[in-house]
Amino acid sequence: MRRSRKDGDSVNEERDSRRRRIVDSPSSPAEEPLVPYNDDEDDERRVLDHSGGAEEVGRRVETEEEDDDDDDDDDPYGRGSILDKSNRQVEVRRDCPYLDTVNRQVLDFDFERFCSVSLSNLNVYACLVCGKYYQGRGKKSHAYTHSLEAGHHVYINLRTEKVYCLPDGYEINDPSLDDIRYVLNPRFSREQVEQLDKNKQWSRALDGSDYLPGMVGLNNIQKTDFVNVTIQSLMRVTPLRNFFLIPENYQHCRSQLVHRFGELTRKIWHARNFKGQVSPHEFLQAVMKASKKRFRIGVQSEPVEFMSWLLNTLHADLRTSKKSSSIIHKCFQGELEVVKETQNKAISERKEGGVEHNGALKIMDGATENNNIGTETYRMPFLMLGLDLPEPPLFKDVMEKNIIPQVPLFNILKKFDGETVTTTVRPPARMRYRVTRLPQYLIVHMRRFTKNNFFREKNPTLVNFPVKNLELKDYIPLPAPTKENEKLRSKYDLIANIVHDGKPDEGFYRVFVQRKSEELWYEMQDLHVSETLPQMVALSEAYMQIYEQQQ
């Protein structure tokens, strides 16, 4: 029996309307109306939804990826049980029978937050019984499996700091766990930061050892003493330290290096640590990534190179625009006037070719030209000053030992008096330097190492320097203050002194730092921290120093 055309049209219309109903249905998977709702993340998501910039979109995707519920592990296809998720409420309990199994002695939050099984950094929990990291807390997740196999039941989320009992799945809300949260993420109020340099109290670690906040040893992971001495030196720079102790100051920054440096600063100055030392492992991982393995674990480098790279990278990451400044430049940036004299090749060639040239002085684009020498004057900013040591004597004394010469710091500072000529080989030029603006914190570096085609040499010359009241205006000419009532601040006190011991390729670094609250000096070499006399600071082979301007 043949169907009429009218009947065929009605069948097609019915089929189209059925399709339309399926697409517009609220239970269509395209719209997912039953997306799990998380009370904890409500405020963050609401803020992100109202602003639609490209940066916010990127942050939103990252947040959703991180907040992806742990129960996704239950579903091998990743679809998840939407109904169960939306209706599930995590029970919050104060009483947990397993709290006495928490072992604070084994907890160490200094290392990278990766699951010890899957090596993933998403949804990582720390087992508070054995200290190991595991991913997820849903069924078939690594933390859940560990709780069943090992009988360890208390876990903390390393990102949200919430504590859960597994396999039961309820959240534990107990004030006795707050000390673990403070160690996981140390916090400082602005009042606490201002009082840090007045604190004279010692803190006690869980193993019974005493330590001073801010004077804790740093673990040498493998030939990382050049990083440790640099970090310990920068921790004495008060404005820099205070800036990084409060994360709100750099929350706009997306650089991992900045945030890892801030975390390390807070751990060093935290007064409630479980142990009297800190491992800079996470910071070193960020350094390796940011420097493209120029500085890495297991390879010795020079602190001056690392200090220069670190300060410039932190400045570039912290500034909000190309013209804006940062805490790095506010602390360390000064200004030099450079006069550069070079041989004018074009004029030399003309003279050799028999063309006469009178000795008239020409001024071209801010540069002057006298006979065949071109002079160029310009100003350049600096973060540290490099000082040249005199060459050591080649001959030995009667006892067949090398004579170690000594030189006052003021002699090598003459390089910046505007008159002393420094000759450079590549390109050949005569340079004169004069300081036109002094920074609040002055970093000086003694060039001890020279490298040729065959080996690396070290200059053992001892530098005699004052620990307090270094008056620069007596040795280098300084510009007068621009404002009438402004006073020329040219007096400095030493706050950190990095020294190198041993042979050029086999030696090690240590640092002398001052504790401001009692004006005592401490010698720090990796985990070793001991009090020392100020006289001992000046008896070492100084390599790099930080001076603080007297106010």
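Residues numbered from 1 in each chain as written. Predicted model: local features only at pLDDT ≥ 70, side-chain atom pairs only at ≥ 80, totals over all residues. Heavy atoms only, no water.

> Before we go on, may I ask you to explain the sheet that holds strand β6 (residues 170–172) in this structure?
Hydrogen bonding along the main chain pairs the strands of a sheet, whether they run parallel or antiparallel. Spatial ordering of the open sheet is given by β1-β6-β5-β4-β2-β3, a layout of 6 strands whose pairing is mixed. Of all the strands in the sheet, just β1 (92–93) and β3 (133–135) have a single pairing partner and so form its edges. Bridge count for β1 against β6 is 2 bridges, and the pairing is parallel. Its bridge partner being in β6, Val92 is matched across the sheet by Glu171. (Pairing = 2+ DSSP bridges. Helix = DSSP H or I, 4+ residues; strand = E, 2+ residues; numbered from the N terminus.)

> Explain the packing of aromatic side chains here, please?
Each aromatic ring pair is summarised here by two numbers: the centre-to-centre distance and the angle between the ring planes. The full count for this structure, using the stated rule, is 16 aromatic pairs. Measuring from centroid to centroid gives 3.9 Å for Phe410 and Tyr475, while their planes differ by 15°, and the two rings are stacked. Here the residue Phe410 occupies a position in helix α15 (residues 409–413), and Tyr475 occupies one in the loop between β23 (470–471) and β24 (491–501), the gap between them amounting to 65 residues. For Phe410, a relative accessible area of 21% gives the class partly exposed. Tyr475 gets classed as partly exposed once you look at its relative accessible area, which sits at 33%. Aromatic rings pair up to connect Phe243, Phe244, Tyr250, Phe261 and Phe283 into one cluster. (Phe/Tyr/Trp six-rings, centres within 6.5 Å; stacked < 30°, edge-to-face > 60°. Buried < 20%, exposed > 50% of the residue type's maximum accessible area, 1.4 Å probe, protein only.)

> Where do I start with the packing of helix α9 (residues 238–245) against helix α10 (residues 256–268) in this structure?
Packing of α9 against α10 leaves a shortest axis separation of 8 Å and a crossing angle of 105°. Judged by the inter-axis angle, α9 sits roughly perpendicular to α10. On the side of α9, the interface is formed by Arg241, Phe244 and Leu245, while α10 contributes Val258, Phe261, Gly262, Thr265 and Arg266. When grouped by side-chain class, the residues that make up the contact of α9 with α10 number 4 nonpolar, 2 polar and 2 charged. (Axes fitted to C-alpha atoms, helices over the stretch in contact; angles between N-to-C directions. Parallel < 35°, antiparallel > 145°, perpendicular 65-115°, else oblique. Contact = heavy atoms within 4.5 Å. Nonpolar A, V, L, I, M, F, W, Y, C, P; charged D, E, K, R; others polar.)

> Can you help me understand the side chain of Glu341 in this one?
The residue Glu341 is located in strand β11 (residues 334–343) in this model. Relative accessible area serves as the criterion here: at 17%, Glu341 is assigned to the buried category. A polar contact of 2.9 Å, which involves the side chain of Glu341, links it to the side chain of Arg432. Residues contacting Glu341, with those up to four places away along its chain left out, are Ile373, Gly374, Thr375, Ala429, Arg430 and Arg432. (Polar contact = N/O pair within 3.5 Å; in protein donor to acceptor, adjacent residues only side chain to side chain.)

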